[in-house]
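Now for the letters of each chain:
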Amino acid sequence: MTIIYEFDPRFAHHLATLLGDAVVVDTAPALVEQVNADRDEHLVLFGPSVPLADAVAFAGQCRLRRPELGVVLLRPELEVDVLADALKAGIREVVDPSNHAAVLAASARSRDLSRQLAGANRATGRAPVPGPPAQQPSEDPNEPVDGQVITVFAAKGGCGKSTIATNLAVVLAQGTKATGRRRVCLIDLDLAFGDVAIMMQLSPQRTIADAIPVADRIDETGLRTLLTRYASGGAEVDVLLAPVQPAVAEEVTRDLVTEVVHLARSMYDFVVIDTASAFTEQMLAALDATHHYVLVGTPELPSLKNLRVTLDMFDLLDYRREARTVVLNRADSKVGITMTEVEKVIRVPIAGFIPSSRDVPISANRGVPLAAGQPQHPVSSAIRELAVKRFLGAPAPAKRGMFARKKG
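Residues numbered from 1 in each chain as written. Predicted model: local features only at pLDDT ≥ 70, side-chain atom pairs only at ≥ 80, totals over all residues. Heavy atoms only, no water.

Asker: Explain the sheet that holds strand S4 (residues 70-74) here, please?
Answerer: Sheets are built from strands paired through backbone hydrogen bonds, the pairs being either parallel or antiparallel. The strand order S2-S1-S3-S4-S5 describes an open sheet built from five strands, whose pairing is parallel. With one partner strand each, in any of the chains shown, strand S2 (22-25) and strand S5 (93-95) form the two edges of the open sheet. The average angle at which neighbouring strand axes cross in this sheet is 20°, direction not considered. The sheet contact formed by strand S3 (residues 43-46) and S4 spans four bridges and is parallel. Paired with Leu-45 across the bridge in S4 is Val-72. Its contacts with the sheet put helix H2 (residues 28-37) on strand S1 (2-5), S2 and S3, and the angle it makes with S1 is roughly 170°. (Pairing = 2+ DSSP bridges. Helix = DSSP H or I, 4+ residues; strand = E, 2+ residues; numbered from the N terminus. Axes fitted to C-alpha atoms, helices over the stretch in contact; angles between N-to-C directions. Contact = heavy atoms within 4.5 Å.)

As structure tokens, then:
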């Protein structure tokens, strides 16, 4: 059931009719009483007549005390300042109340995020308290040093996440004059709709789905039989492809993902993971095993909003802030939003700016990443600069035993 907080009784009734199962309140004490009475409720809708300050204050309290409760704000004008203040407080969506489809979609997305957040907290067994915990590497001098796991994530599709992941894998494999070529494994964990095979023109003879029957006993030799080699532009990348059939995605378990990632990081200098745009069990397993998070957005309000929600979610899951790298793709697009406004919305520094280019979709259609086919292209150069600054020039990764959560 949705809680609707709105002063105008006629519009509140209209919203209740639109949403179906809903209860209306028109005072702040009534809202608090209703929220406390139903601990399973996951959505509060603030109507257009409610002051922004009230919504911001309520969302700020929920963000700390009850993060699974989503807040959606209805406003007829979606100004950047309004959106920035709302997201800063933890409001998940700001929607035009006259757009019924958008109101329903925003409500559904908020409920879905609440379910994912509730499931994530149950799966990890941790209270959702913000703040990164200290993670200590093993001090055993005989413990082998693993490769670095880099997960590329975007909570909204269409941001160019797979483009960045494939080109980053190629750039890391090419290495630098100082490092030489590096051993790189690229894992496509967009299990239902992975595009890596198409973007690198690879034939999916074997995929991660072939590991399902041997999930409890897969070893390094078994993993190598599942990999497909990509070689072009002075780079060699071993790729673990996503299943061909989307229905198989549900059979890839969290434990299998954990095992595959830990095996891969013992075999390669870098493991790059392309992900789905959702906090599924499989994604959480990959994120748990990650050294560096590359979080991708574009200069559009829906994408920036999802990026801000992702950063908040990472805080709740205790993923280290210093391990996050925010990348703005298509950064030079003329879409009416300045860089100042972008940073005001997401409230974190942007580490990488990837320019827009029509050559990107052309390279995807050809199945040749720009970093391999056109290494001097501005997009290739931007990704290489990011790789050198954040990964190729970084200190050696922590030893095995670094992660607080492993299989079992």
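Asker: I would appreciate a short explanation of helix H13 (residues 359-366) in the present structure.
Answerer: It helps to recall that an α-helix has 3.6 residues per turn; residues three or four apart then point in one direction. Among the residues of H13, those classed as buried are Val-360, Ser-363 and Ala-364. The arc that holds every buried residue of H13, seen down its axis, measures 100°, which confines them to one face. (Buried < 20%, exposed > 50% of the residue type's maximum accessible area, 1.4 Å probe, protein only. Arc of directions from axis to C-beta.)

Asker: When you look at the pattern of salt bridges in this model, what are you seeing that I'm missing?
Answerer: Opposite charge on two side chains permits pairing when their charged atoms draw close. Inspection of the entire model under this criterion finds 14 salt bridges. For the salt bridge of Arg-183 with Asp-269, the shortest nitrogen-to-oxygen distance reads 3.2 Å. Placement of the pair is Arg-183 in the loop between helix H6 (161-174) and strand S7 (184-189) and Asp-269 in the loop between helix H9 (254-267) and strand S10 (270-275), with a sequence separation of 86 residues. Look at Arg-183 and you get partly exposed, because its relative accessible area is 47%. We note a salt bridge from Arg-229 to Asp-238, for which the minimum N-O separation is 2.4 Å. (Salt bridge = Lys/Arg side-chain N within 4 Å of Asp/Glu carboxyl O.)

Asker: Help me understand the packing of aromatic side chains in this model?
Answerer: Two descriptors summarise a pair of aromatic rings, namely the distance from one centre to the other and the angle between the planes of the rings. Tallied over the full model, the rule gives nine aromatic pairs. Measuring from ring centre to ring centre gives 6.2 Å for Phe-279 and Phe-314, while their planes differ by 70°; the resulting arrangement is edge-to-face. With a gap of 35 residues between them, Phe-279 in the loop between S10 and helix H10 (281-288) and Phe-314 in helix H11 (residues 301-316) connect regions that are remote in the sequence. We classify Phe-279 as buried; its relative accessible area is 6%. Taking the relative accessible area as the measure of exposure, Phe-314 reaches 0% and is therefore buried. (Phe/Tyr/Trp six-rings, centres within 6.5 Å; stacked < 30°, edge-to-face > 60°.)

Asker: What am I meant to see in the environment of Pro-355 here?
Answerer: Tracing the backbone shows Pro-355 in the loop between strand S13 (352-354) and H13. As for Pro-355 and Arg-330, which are separated by 25 residues in sequence, their C-alpha atoms are 4.7 Å apart. Once you skip the residues sitting within four places of it in the chain, Pro-355 turns out to touch Arg-330, Ala-331, Asp-332, Pro-378, Val-379 and Ala-382.

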